[in-house]
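Remarks on the overall topology
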Amino acid sequence: MKALLLNDVTNSDDVKLIEIDKPVAKKGWPLVKVLGFGMNHSELILRVNEIRASYIKRPIVPGIECIGIIEESLDDNFKKGDLVCSIMGGLGRNFNGSYEEYLIAPLKNLFHIKTKLDTKYIAAVPETFFTAYGSLFESLNLKENDILLIRGATSALGYASMQMAKALGCKVYATTHKKEKLDLITRFGCEAILDSEYHLPDGFYANKILELIGPRTIRDSLSHLYKNGILCNTGILGGEYFLNNFDPIKEIPNGCYLTGFFSNYPTQKIIDDIFNFIDKYDIIPYIGAEFKFKNIKDAIKAQEKGIDGKIVVVMD
C-alpha cells in the first residue's frame, strides 16, 4: 500500500509516497481502510522537528486522525463495513498514523460514526470538532445566550468553535490580528475584533473566553472576563508555550476561573454527541482546501503556506 513514512526531519520538497506492507488486523486492533483525514499543525511539528524525539517510534507514518471503513476486525464491537474514526492515543507517533491507505488502531481510540455528512466533511470533524466541543462544553460550560470571545479565531479550531457557539445561540466575538481576515469571522455571524497589538479594546468583556493564542495573551484575556466568567486555554497560536512568572492569586480576577482542554481522551459518547450536534444544527465544517492522497506533497506545502479552514485529504 502507499504511505508517507518519516524517519528523520523531512523538507516538504522531499515528501513522497512509498510502498510499505499493508498492516494486519489483530485482537484489539481492527484494520481500517482510510477514506480521508484532516491535517493538523502537530503533524507539521513532527515532520520538521519532533521526529527526532526519543518517544517517537521511527520510522513512523504521521497523522493523528482519520475516518475510514473497517476492513477486518477480530473484535465483536466492530464489524467489516462500519464507518469509524480514530484520533489521538499515540496515532502517528507511537504507531503508524493516517497518512497511509490502511491502518490498524487500538479499540480505545476507534469510534463509530453516524452522520448525514458527506465523506470530505466527516474527515474535517474528528480532531478539530472534538477539541472545539470539549473546550466549549466541558471546559467553558457554554450555554445559550453566553457572551463568548474566541481569541485567535481564524484557525480551523476557531471556525469550528464559531459555528458551534452560534448554533447554540451565543453572542460570539472573535479576534484576528490580520485585517484581511475580518470578513472570515463575520461570515459565520460573529462580531470581529482586530487584535493587531494583542490587546482587547478597553471596556470589552465576555463571560466565556476561548483562548487559542495562548500564554502570549492569557493575561490580557483574563482582564476582560466578567465576574464568574471562565477562560479556557486550548491553543498556542501565539508561539509561546509557557506562562512565565504567572501569579494566579493576583492575575486571575476574583470570582473568575482559568481552565484548559487537553484533547487526548476521546470517548464514543463524546464522538456521538459531536456528530449529533452537527446534524441537529446542520453545521457544514469549513474546509479551506481539499487534496487527493496522491497529492499529499501539495497538501503539506499548502499547510506550510497557511490555509484558512481545515485542510482535508481524501483517498484516491
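The sections below set out a description of the structure shown in this document. Predicted model, so just to flag it, every value in this text is computed and none were measured.

**Overview of the nonpolar core**
Within the largest apolar cluster, 51 residues are counted, with the highest numbers of intra-cluster contacts made by Leu148, Ile150, Met162 and Met164. Ranked by residue count, the leading element in this core is helix α4 (residues 156-168), at seven residues. Apart from the residues within four sequence positions on either side, Ile150 is in contact with Gly158, Ser161, Met162, Val172, Tyr173, Ala174, Thr175, Leu210 and Leu212.

**What about the pattern of salt bridges?**
Two side chains with opposite charge may pair up if their charged atoms get near one another. Counting across every chain of the model gives 18 salt bridges. With its nearest N and O atoms 3.6 Å apart, the salt bridge here joins Asp75 to Lys27. On the criterion of sequence distance, the pair formed by Asp75 in the loop between β4 (65-72) and β5 (83-87) and Lys27 in the loop between β2 (18-19) and β3 (31-38) is long-range, its members being 48 residues apart. In this structure, Lys120 and Glu290 form a salt bridge, with 3.6 Å as the shortest nitrogen-oxygen distance. You can see Lys120 sitting in helix α2 (residues 119-123) and its partner Glu290 sitting in strand β14 (residues 287-292), a full 170 residues away along the chain. Accessibility expressed as a relative area gives 31% for Lys120, which makes it partly exposed.

**Points about a nonpolar patch on the surface**
A contiguous nonpolar surface patch, about 370 Å² in accessible area, is contributed by Ile236, Tyr241 and Phe242. Mapping Ile236 onto the fold places it in the loop between β12 (225-233) and α7 (248-251). The exposure class of Ile236 is partly exposed, given its relative accessible area of 40%.

**Some remarks on the layout of surface pockets**
In this structure, the second largest pocket spans a volume of roughly 240 Å³. If you go around the second largest pocket, you meet 16 residues; those closest to its centre are Lys57, Asn94, Phe95, Asn96 and Ile104. Classifying every residue of the lining of the second largest pocket by side-chain character gives nine nonpolar, two polar and five charged.

**Considering the packing of helix α3 (residues 126-139) against α4**
The contact between α3 and α4 brings their axes to 9 Å, and the two run at 50 degrees. Taken together, the axes of α3 and α4 are oblique relative to one another. The handedness of the crossing between α3 and α4 comes out as right-handed. Contacts from Thr128, Phe129, Thr131, Ala132, Tyr133, Leu136 and Phe137 of α3 reach α4 at Ala156, Leu157, Ala160, Ser161, Gln163, Met164, Ala165 and Leu168. By residue class, the composition of the contact of α3 with α4 is eleven nonpolar, four polar and no charged.

**Some thoughts on the packing of aromatic side chains**
Throughout the structure, instances matching the rule amount to 14 aromatic pairs. Both rings, one in Tyr133 and one in Phe137, keep their centres 4.7 Å apart while their planes meet at 45 degrees; by these two values the pair is tilted. Of this pair, Tyr133 and Phe137 both sit in helix α3, four residues apart, which is roughly one turn of that helix. Just as Tyr133 is buried, Phe137 falls in that class too. Ring centres 5.0 Å apart and planes at 90 degrees place the aromatic pair Tyr159 and Tyr286 in the edge-to-face group. Taken together, the residues span a long stretch of sequence, with Tyr159 in helix α4 and Tyr286 in the loop between α8 (268-280) and β14 at a distance of 127 residues. In this structure an aromatic cluster arises from ring pairing among Tyr133, Phe137, Phe277 and Tyr281.

**Remarks on the packing of helix α1 (residues 41-48) against helix α9 (residues 296-305)**
For the pair α1 and α9, interaxial distance at closest approach is 11 Å and the crossing angle is 100 degrees. One finds that α1 runs roughly perpendicular with respect to α9. Here His41, Leu44 and Arg47 of α1 lie close against α9, whose contacting residues are Ile300, Gln303 and Glu304. For the contact of α1 with α9, a count of residues per class yields two nonpolar, two polar and two charged.

**Focus: the state of the cysteines**
Going through the model one piece at a time under the given rule, you end up with zero disulfides. Of the cysteine sulfurs around Cys66, a residue in no disulfide, the closest is that of Cys85, at 7.7 Å. Free cysteine: Cys170, not disulfide-bonded; nearest cysteine sulfur from Cys190 at 9.8 Å. Of the residues examined, Cys170 reaches a relative accessible area of 3% and is grouped as buried.

**Details of α8**
Over its 13 residues, α8 runs 18 Å from end to end, which matches the ideal 18 Å to within 8%, given 1.5 Å per residue. Looking at α8, one finds that the buried residues are Ile271, Ile274, Phe275, Phe277, Ile278 and Asp279. Buried residues along α8 sit against β5, β7 (110-112), α2, α3 and α4. The positive-phi residue at the C-terminal boundary of α8 is Asp282, with phi of around 50 degrees.

**Looking at the sheet that holds strand β8 (residues 147-151)**
Within the open sheet, the six strands sit side by side as β10-β9-β8-β11-β12-β13. Their pairing is parallel. Taken across any chain shown, the strands that pair with only one partner, and hence form the sheet edges, are β10 (191-194) and β13 (257-260). Each strand axis lies, on average, 20 degrees off the axis of its neighbour in the sheet, ignoring direction. Across four bridges, β8 lies against strand β11 (residues 206-211) in parallel orientation. Bridge pairing in β11 links Leu148 to Lys208. Running over the sheet, α3 touches β8, β11, β12 and β13 and is turned about 150 degrees from β12.

Criteria and thresholds
- Residues numbered from 1 in each chain as written.
- Predicted model: local features only at pLDDT ≥ 70, side-chain atom pairs only at ≥ 80, totals over all residues.
- Heavy atoms only, no water.
- Core = buried A, V, L, I, M, F, W, Y, C linked by side-chain atoms within 4.5 Å.
- Buried < 20%, exposed > 50% of the residue type's maximum accessible area, 1.4 Å probe, protein only.
- Helix = DSSP H or I, 4+ residues; strand = E, 2+ residues; numbered from the N terminus.
- Contact = heavy atoms within 4.5 Å.
- Salt bridge = Lys/Arg side-chain N within 4 Å of Asp/Glu carboxyl O.
- Patch = residues over 30% accessible without salt bridge, like charges linked within 9 Å, V, L, I, M, F, W, Y side chains within 5 Å.
- Areas by Shrake-Rupley, 256 points an atom, 1.4 Å probe, with all protein chains shown as cover.
- 1 Å grid on protein atoms, 1.4 Å probe; cavity = no way out; pocket = protein on both sides within 12 Å on 5 of 7 lines; lining within 4 Å.
- Points joined across faces, edges and corners; volume = space filled by probe spheres on them.
- Nonpolar A, V, L, I, M, F, W, Y, C, P; charged D, E, K, R; others polar.
- Axes fitted to C-alpha atoms, helices over the stretch in contact; angles between N-to-C directions.
- Parallel < 35°, antiparallel > 145°, perpendicular 65-115°, else oblique.
- Left-handed = near helix turned anticlockwise from the far one by under 90°.
- Phe/Tyr/Trp six-rings, centres within 6.5 Å; stacked < 30°, edge-to-face > 60°.
- Disulfide = S-S within 2.5 Å.
- Expected span 1.5 Å × (residues − 1).
- Pairing = 2+ DSSP bridges.

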